[in-house]
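Residue-level structural notes
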Amino acid sequence: MSPALLLVQALNGLELGVLLFLIAAGLTLVFGVMDVVNLAHGVQYMLGAYLAVAFLPWCGSVWAAIALAAVASLVLGALLERLVFRHLIGADHLDQVLATFGLILLAEEGVKLLFGPAPRTLPVPALLSGAVPLFGGLHYAVYRLAVLAAGLAMAGLLWLMIEHTRTGMRLRAGASNAPVLAALGVDVGRLFARVLALGAMLAGFAGAIAAPIVSVDPGMGGPVLILAFVVIVLGGAGSVRGSFVAALLVGLTDTLGRGLLDAALIAALPPAAAHTAGPALASMLIYLVMAAVLAFRPAGLLPARGRA
Amino acid sequence: MSVLAAEGLCKSFGALAVTQAVSLDLRAGEVHALIGPNGAGKSSLIAQLAGTLAPDAGRVRLEGADITRLPPHLRARRGMARTFQISAVVGGLSALANVALAVQAHGPRPLAPFRRADGDAALEGPARAALADVGLADRAAVPAEALSYGERRVLEIACALALVPRVLLLDEPLAGMGHAEGRRIVALLAGLRGRCAMLLVEHDMDAVFALADRLSVLVEGRVIASGPPAAVRADPAVRAAYLGAA
Amino acid sequence: MRRPRLRQSGVVLAALLLAVLALAPVAARLLGNAWLLALATRAGVFAIAAVSLQFIVGFAGLASLGHAAFLGIGAYALLMLAGAGWDEMALSLPAAILAAAAYAWPTGWLALRTRGVTFIMITLAFGQMAFFVAESLAVYGGDDGMPLDRAPPLFGSRLLARPEAFHALVLLLLLALLLAARRLGAGRFGRALRAAREMPGLAASLGFDVVRVRLIAYVLAGGVGGLAGWLLAVASGFVSPALFDWRLAGQLLVMVILGGVATPEGAASGAIFLVLVEEGLSAADEHGRIVLGALLLGAALWRVRRGRAG
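A brief look at the structure comes next.

A short note on the overall build of chain A
A count of helical and extended segments in chain A gives eleven helices and two strands. Reading chain A from its N terminus to its C terminus gives the helix and strand order α-α-α-α-β-β-α-α-α-α-α-α-α. In summary, chain A has a C-alpha radius of gyration of 20 Å against a globular reference of 19 Å for 308 residues, a match within 12%. The buried share of chain A, taken over its 308 residues, is 53%. Accessible surface computed for chain A: about 12,300 Å², of which carbon and sulfur atoms make up 71%. Positive and negative side-chain charges in chain A, numbering 15 and 12 respectively, have mean positions lying 11 Å apart.

Quick look at the structure:
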């Protein structure tokens, strides 16, 4: 693989990584602090994309549509917290699975009903259209760089919030030792509501900014949710820092690993065998990484402090 | 000859050293009591002896063999039994079935798939004997969750005995009990003296002095005194650190 | 003393539902509606899948969202063997079971290093991994999958090509599985599994290797999942990566939860019920799954409230 192609793949990997981080950040806190299984988090990502698509004709600007989608995701998250998630705190995991699986069916079929099953798209904002030249004659889409930048900016904001606000401090305390929170007199219910709404906003924002570069369809949340799970397992449940590192690792492994593996197999195997084994192995890569981490560090790479 | 020995066990959680170079031995047939104020590190020590917590340094020997890295279930097969500070029985199973479970665990074919466990004489025979030993024979058919708290603690001892252990770790067997129930346990343990070596962690001093052949005092992760009860009782350091305050 | 009566009513319900399935061939013939028979067969196959999942969820106390992978592997085992002309049931069915169990072994060993929510996520991830592998198998249709050329021969005969005969085979297997699962639950292994679920610390202190006990349960369940996958492939005459879909795994888990996780017959009832309701709703309206989603959500919230009350 040429150095320029390598750079393109690396950028793609980082971009996937920051999107995954935005989705996993809220989810890992909901798992780590509240011990709640939320299968419907991928739905927030999907709804974020559809919200942006829906807002566009109404407000005319992709920028405004993305911003509005993020705000609407926050409101939606708060609403779902009130109606559903609040009641799931401390419930049996199986009931949480049942409830959030029901939510998925509701949301996916609801979206199909409103928008039809065919994929939708969101245009790239005019300001960010076009591509920047890389060396070696390759180009990279400006919008993709913008997604990367926006994701990193969000991650930075989140880091500031977690390190420097009272809510953030409580979250850190809760992720390493949940019972401490209640003992300190923290209103755990309110904290949960904030985490959930914030997580929904981040996932919705990720969906909205991804909408111009992916196909927007009702099932788009599923694969992303599973990747977010891998990120959480790798990073350690409850650890936002771990999720950040793991998200970039997953993103880079998936894109860069695919490219490098293809190249290696083509060099090592006869073409027919390489074409059969290549895609199969490449799609297994991140799961093999997860398996390796589990074998040696079952608690994840950067577990929330205080957890064994 | 000691059946169970801790040699220089150390364990820290971050900056907190809960076990600091603890050495302790348990001789065949004796009752060795381990006492110490709350937070002295008794539970961590028991956990390291039982295999649920790995020490940072030091060794645990069972009849001379190094078992420091052996998981709990393999220690059980080598003759170590334990009871828990917090009552541990399978609530939905009868008292008899709980003990039968212990018999099953250390007998042949512990995971036989299709043989019915209920009414299996190979399991229930020894289980009934263990229940009779602890005076629970007439409660055999009662679900464990329907037993009184005191009866459940006795049932746990019966489960441990069904393993025919050479070493029995008793983690606060009197915790949460009324006076009368407590005396029942003391009498029961006194009756078991000699069947196996017992390490008794207990806060109830009457029970400790009634049962112990030897006594070790743990304070802030260290053994500050060890020996016959009368000598330990007279030890000024112990009086200052523990007994005096109690 | 409510429990024994409840348990018996569970058996009665399962027996009733089985009887309904058993009558499906008669109803299909009387009404001239072959779809009814296919539906009943499908319900029976899903009941087998749900009973195998119940073994992990109910007996071992481990919620798995990766069970669809075992169905998929069982189905692909048949597809691959059929491609080589070895689809004979006496060969391909054991192969499907073994293949699924062989996948369950290493993935289960890794997943069992964790518990609770993390276990759910990991089983889901390994399920997805199998999905992607199936999708990349261009020889077997890749993304689209492939039809089976014919129903597998049974000792050389064309018996299973007849829908009624295949239906009978499914029901017989379901019945045998239910009896075996109940027997297993009441046996030594079942008791060890129960102790490992309710009191893992105690079980280990008695000498049970808790992880090994759970792993055996996981591999067994995986194998039976492979059996269900083989049956599902024959029932639909088609094998595709959709069999590995995590939504299918979610549906299986929902079947087990709805039926009450505690017993195999509950899981079977939950599966039959859900298949009938889902097909009924989809037949009634193209967006019938919305109603199903609302039903599941409502059921979950109701269960949580009931759990809190008592």
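Don't stop here, the text continues.
As for the pairing of strand β1 (residues 2-13) of chain B
Along a regular strand, successive side chains alternate from one face of the sheet to the other. Residue and element names in this part refer to chain B. Pairing of β1 with strand β2 (residues 16-27) involves eight bridges; the strand directions are antiparallel. Counted as the bridge partner of K11 is T19 from β2. With antiparallel pairing between neighbouring strands as the criterion, β1 and β2 make up a hairpin whose turn holds two residues, including G14 at a positive phi of roughly 60 degrees.

Digging into the arrangement of the chains
There are two pairs of chains in contact here, and the one with the most contacts is chains A and C. Separated throughout, chain A and chain B approach each other most closely at a C-alpha pair spaced 9 Å apart.

Focus on the side chain of R191 of chain C
Inspection of the secondary structure puts R191 of chain C in helix α7 (residues 188-198). Classification of R191 of chain C by relative accessible area gives buried; the value is 7%. With residues near it in sequence (within four places) discarded, R191 of chain C still touches L93, A97, A100, L101, Q104, A117 and D118 of chain B together with G185 of chain C.

Notes on the interface of chain B and chain C
Contact with chain B, which involves 37 residues of that partner, is made by 25 residues of chain C. Buried surface at the junction of chain B and chain C, summed over both partners, amounts to about 2,700 Å²; 62% is from carbon and sulfur atoms. Between chain B and chain C we count two salt bridges in total. D120 of chain B is paired through a salt bridge with R188 of chain C; the nearest N and O atoms lie 3.0 Å apart. Across the chain B-chain C interface, the total number found is eleven residue pairs in polar contact (both at pLDDT 80 or more). Counting only elements with at least two residues in the side of chain B that touches chain C, the list comes to α2 (72-77), β6 (80-83), α3 (95-106) and α4 (121-133) of chain B. Take the side of chain B that touches chain C: its biggest share by element is six residues, from α3 of chain B. Looking at the side of chain B that touches chain C, its residues break down into 24 nonpolar, five polar and eight charged.

Calculation notes
Residues numbered from 1 in each chain as written. Chains lettered and ligands numbered in written order. Predicted model: local features only at pLDDT ≥ 70, side-chain atom pairs only at ≥ 80, totals over all residues. Heavy atoms only, no water. Helix = DSSP H or I, 4+ residues; strand = E, 2+ residues; numbered from the N terminus. Rg over C-alpha atoms; globule rule 2.2 N^0.38 Å. Buried < 20%, exposed > 50% of the residue type's maximum accessible area, 1.4 Å probe, protein only. Areas by Shrake-Rupley, 256 points an atom, 1.4 Å probe, with all protein chains shown as cover. Lys, Arg positive; Asp, Glu negative; His and termini not counted. Charge placed at Lys NZ, Arg CZ, Asp CG, Glu CD. Pairing = 2+ DSSP bridges. Contact = heavy atoms within 4.5 Å. Buried area = accessible area lost by both parts, 1.4 Å probe. Salt bridge = Lys/Arg side-chain N within 4 Å of Asp/Glu carboxyl O. Polar contact = N/O pair within 3.5 Å; in protein donor to acceptor, adjacent residues only side chain to side chain. Nonpolar A, V, L, I, M, F, W, Y, C, P; charged D, E, K, R; others polar.

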